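Coordinate inspection notes
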Amino acid sequence: MLERTAKKREKRDEALPRRARQSPKVSAPCHGGTISEDESIISISTSSRPSSPPPIRKLTKPSAKPPPKPKPVVQSKSVPPKKGKKKEKVKMYPKDYAQMLLDQPPDPSAKRRQRFLKGMNIFYTGGDMTWASDATRGRMDLIVQHGGNLFPVFDPALVTHIISETSSPEPMLRALGLKKLGEVPDHIPIVKWNWVVSGQEGALGPLWEFAAYANRIPPIDVPVRSGKGKERAIVADQSRISAKQRKRSIHDSEDEEDDERQGPQVGPLQSPPSSRRLTARTDGPSTSRVKTEAADDPLAEFYAKARFDRDNAWSRHGEAGEDEDETDIDEPASDSDDDTAQKPGPPPPKGGWTCDSKEAQVKNGPNEFIAKKLEELMHLHKAKPGMDNHWRAFSYTKALRPIRKHPKPIRSYSEARKIKGVAHKTALKIMEIVETGDLRRIGYENTADVQIRKLFQGIYGVGQQTAYQWYAAGCRSLKDLKAGKGGVTLTPAQKIGIEFYDDINDRMPREEAQALFELIKPIALEINPKLEVEIMGSYRRGKADCGDIDIMITRCPDDGKTHAGILHHLLKALHEKNIITEDLALPEDPFDNEAIYRGLCRLPKFGSRRRRIDFLTVPWKSRGAALLYYTGDDIFNRSMRLKANRLGYSLNQKGLFAGVVRDPRNRTVKTNTGNIVASETEEEIFRMLGVPFQLPHQRVRG
DNA sequence: CAACAGATTCC
DNA sequence: GGAATC
DNA sequence: GTTG
């Protein structure tokens, strides 16, 4: 095994056993999913084709291909989608989308709207990595609707305003087709989208107040990582819009060096005017006011009861108390469920209620649009380094479910506050969304650097820290990484992660997971017919699409033998059959009774894509715990573990332990590992925790 | 003010 | 021992 | 970011 590990890091192909290596990738032209160079690099087409036709409104000649039909971008309520015809979204460069808008007849309904951008020639860039995002499309729509002349390409002679949504100038410059900020004529202001928002909210604010960049020197504000993995504040310079800025826009001088900071003019960063009223009212004096308000609400009990009733209704059929344990009732696992439960097969037919109805409910709730926005913000936080961001995102995760489940549209702050997981800050955000249909915080968090880090984090084996460091090293695209720009080095797994970037990030249809499993299982049984081979993960939960395949292997040791060593043979066999194509992480000892393997696999057929696959072998006695753990879902697991902890247990993939003693200082250190109480079957564990048994497909919480 | 899960593997 | 993954 |  060690030899394999060593070999593996040379080249990916070398990692494969001889036979697997024999078939060169070329012979199996499965380019289906690998990311193309085009998509991996950041480039905004406008910059790459500066020679496009002049951006005049009546421009007739389409710049590139005939623009596809418009796709109304459903945006905030303040901007109703135009003419309700829906077209499926077509991938387009921002520039092409802009062009398409120009080619469209003016929207008559826009007449009713204030056209405060009338007469302005606007170039907009949202910093989109490649294709025009929904946000970009929506904003371009708005610019046009408000009377602005949207320019697909930047023409310094014609453009009067640049609206940039990138925190650092580089992405914008790419879009402009320029090298440095100094090349932008001084008379053309560069402002953030907030400026337009100010127009929507009444009157356009003074340009200087919305300056996108504090100065025009590219502030290589590339955050430098400190010595060892300590988080570093990423201080964007956008808050330092001061007199300097004001002068710039007035005098067109860009070389001010004065450091005078007079009352930091945090234009774009201040709290949204839209929610100001509300904030002032409820938030003003103190939170106590808010609390009183909530407590006084005669409906408070009703909501709580409603939730309780609903939860109980579900648990009657095996669906335990929702998020956390609090809600679950002491109901012994129903016997009837137990037998069906053993089999991981397809979900059994349901009676009066259906999971589907529940799913639908969760997805189409009246507050879905709120959840969407918050979720977006959550993802942005997730992309940032540091524990605080981690927990912030975690917190949103917890609040999202209750929000989605809230039966009626949230209308007031106090109503929002009553929702589990929603406290002051989130309630304010919810109200901002309710009132304006948007969350400005998203715009200002969703900066270009975050986008790039998110791209990096899509690589297997890359998390916040690494993404951050790479960005700091100057990498801006997958190409940069591959080139080793800034001295970055990639681990073998990361190289694979880049090579199969979108294969790995895409989900596969359930059928494909099934096909792979049915292909693999016999191979395992061939090695040893007494093996128990189970597929877990989202497949077992019955999902229609799966992000990966989790396979558990165990064996009853009745006859004194175990499955030790089979993983080694199985992996070898699968490599030989070209089912497993790449290794990501090998078990430390593949002959151990307990081992984990991670890798990529694919159906051995033309054009099939790489899929993530995990194997784990577990001791017979902990098969229940492993099954439970790897079946998830994540949120469900967390609540199980949480409840276990509260009851004085400790739950992990090996089993449920009692009497665990932890070091009071470092709670992660167990001075006493405790005694295993349950682990052989899922039912057993559910019972010990007093949670009504739930079939895999019922364990969906996230 | 602490907790928010815990174990394994890679580097 | 930190980072990343599940 | 929220909860206890």
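Residues numbered from 1 in each chain as written. Chains lettered and ligands numbered in written order. Predicted model: local features only at pLDDT ≥ 70, side-chain atom pairs only at ≥ 80, totals over all residues. Heavy atoms only, no water.

**Some remarks on the overall build of chain A**
Within chain A, the secondary structure is distributed over 31 helices and 16 strands. Residue burial in chain A is summarised as follows: out of 702 residues, 51% are buried. Taking contacts inside chain A between residues at least 6 apart in sequence as the whole, the part at least 24 apart equals 67%. (Helix = DSSP H or I, 4+ residues; strand = E, 2+ residues; numbered from the N terminus. Buried < 20%, exposed > 50% of the residue type's maximum accessible area, 1.4 Å probe, protein only. Contact = heavy atoms within 4.5 Å.)

**Overview of the nonpolar core**
Grouped together as the largest cluster of nonpolar side chains are 30 residues, with contacts concentrated most on I549, I551, I553, L570, L574 and F615. Of all elements in the fold, only helix 26 (510–527), strand 6 (531–535), strand 8 (548–555), helix 28 (566–576), strand 10 (595–601) and strand 11 (611–617) reach the threshold of two or more residues within this core. Setting aside anything within four residues of it in sequence, one finds L570 in contact with I523, A524, I527, I553 and F615. Of all hydrophobic cores here, the second largest spans 26 residues; its members include L377, L380, Y413 and I433. (Core = buried A, V, L, I, M, F, W, Y, C linked by side-chain atoms within 4.5 Å.)

**Points about the protein's contact with DNA strand B**
The immediate surroundings of DNA strand B are formed by 18 residues, with L586, Y629, R641, R662 and K670 found nearest. Each atom of DNA strand B within 4 Å of the protein belongs either to a base or to sugar and phosphate, the latter forming 62%. In this structure, R638 approaches DNA strand B through a side-chain N or O atom, which is 3.3 Å from a phosphate oxygen. Separating a base nitrogen of DNA strand B from a side-chain N or O atom of R641 is a distance of 3.0 Å. Listed by contribution, the elements that provide at least two residues to the surface near DNA strand B are helix 17 (387–405) and helix 30 (634–646). Among the elements that take part in the surface near DNA strand B, helix 30 stands out by supplying 3 residues, more than any other. Partitioned by chemical class, the residues of the surface near DNA strand B number 6 nonpolar, 4 polar and 8 charged. (Near = heavy atom within 4 Å. Polar contact = N/O pair within 3.5 Å; in protein donor to acceptor, adjacent residues only side chain to side chain. Nonpolar A, V, L, I, M, F, W, Y, C, P; charged D, E, K, R; others polar.)

**Considerations on the sheet that holds strand 13 (residues 655–658)**
Read from one edge of the open sheet, 3 strands run 12-13-16, paired in antiparallel fashion. Each having just a single partner strand, strand 12 (649–652) and strand 16 (675–678) make up the two edges of the open sheet. Ignoring strand direction, the axes of neighbouring strands in this sheet form an average angle of 35 degrees. (Pairing = 2+ DSSP bridges. Axes fitted to C-alpha atoms, helices over the stretch in contact; angles between N-to-C directions.)

**Some thoughts on the UniProt feature "active site" (unreviewed entry) in chain A**
Mapped onto the present numbering, the UniProt feature "active site" (unreviewed entry) falls at K429. Of note, K429 is situated in helix 19 (residues 424–436). With a relative accessible area of 12%, K429 lands in the buried category. Setting aside anything within four residues of it in sequence, one finds K429 in contact with L374, L377, Y396, L439 and R441. (UniProt positions renumbered as here; feature names shortened; annotations may be inferred.)

**Some thoughts on the pattern of salt bridges**
For the structure shown, the criterion picks out 24 salt bridges. Across the pair K543 and D545 runs a salt bridge, and its minimum N-O distance is 3.8 Å. Look at K543 and you get partly exposed, because its relative accessible area is 32%. A salt bridge links E682 to R699; the shortest N-O distance between them is 2.9 Å. In this pair, E682 is assigned in helix 31 (residues 682–689) and R699 in the segment after helix 31, connecting sequence segments 17 residues apart. We note that E682, like R699, is buried. Ionic contacts of the salt-bridge type, sharing partners, join the residues E368, K372, E375 and R404 into one network. (Salt bridge = Lys/Arg side-chain N within 4 Å of Asp/Glu carboxyl O.)

**Let's talk about the protein's contact with DNA strand D**
Residues in close proximity to DNA strand D total 13 residues, the closest being R392, S395, G421, K425 and T426. When the atoms of DNA strand D within 4 Å of the protein are grouped by moiety, sugar and phosphate amount to 71% of the total. Here S395 contributes a side-chain N or O atom positioned 3.0 Å from a sugar or linking oxygen of DNA strand D. Grouping the amino acids of the surface near DNA strand D by side-chain chemistry returns 4 nonpolar, 5 polar and 4 charged.

**Some thoughts on helix 19**
Under the 1.5 Å per step criterion, the end-to-end length of helix 19 is 18 Å for 13 residues, consistent within 8% with the ideal 18 Å. Looking at helix 19, one finds that the buried residues are H424, T426, A427, L428, K429, I430, M431, E432, I433, V434 and T436. Residue G437 follows helix 19 closely and has a positive phi angle near 75 degrees. (Expected span 1.5 Å × (residues − 1).)

**Some remarks on the packing of aromatic side chains**
Throughout the structure, instances matching the rule amount to 8 aromatic pairs. Summarising the aromatic geometry, the rings of Y629 and Y630 are spaced 4.7 Å apart at their centres and angled 85 degrees between planes, so their arrangement reads as edge-to-face. Between F636 and F686, the aromatic rings sit 6.0 Å apart at their centres with planes inclined by 40 degrees, giving tilted as the arrangement. Taken together, the residues F636 in helix 30 and F686 in helix 31 connect sequence positions 50 residues apart. Judged by relative accessible area, which is 0%, F686 ranks as buried. Each member of the aromatic cluster is reached from another via a ring pair, and the members are F636, F686 and F693. One cation-aromatic arrangement involves R510 over Y539; the distance from NZ or CZ to the ring centre is 3.9 Å. Over the ring of W620 we find R623, and its NZ or CZ is 3.8 Å from the ring centre. (Phe/Tyr/Trp six-rings, centres within 6.5 Å; stacked < 30°, edge-to-face > 60°. Lys NZ or Arg CZ within 6 Å of the ring centre and 35° of its normal.)

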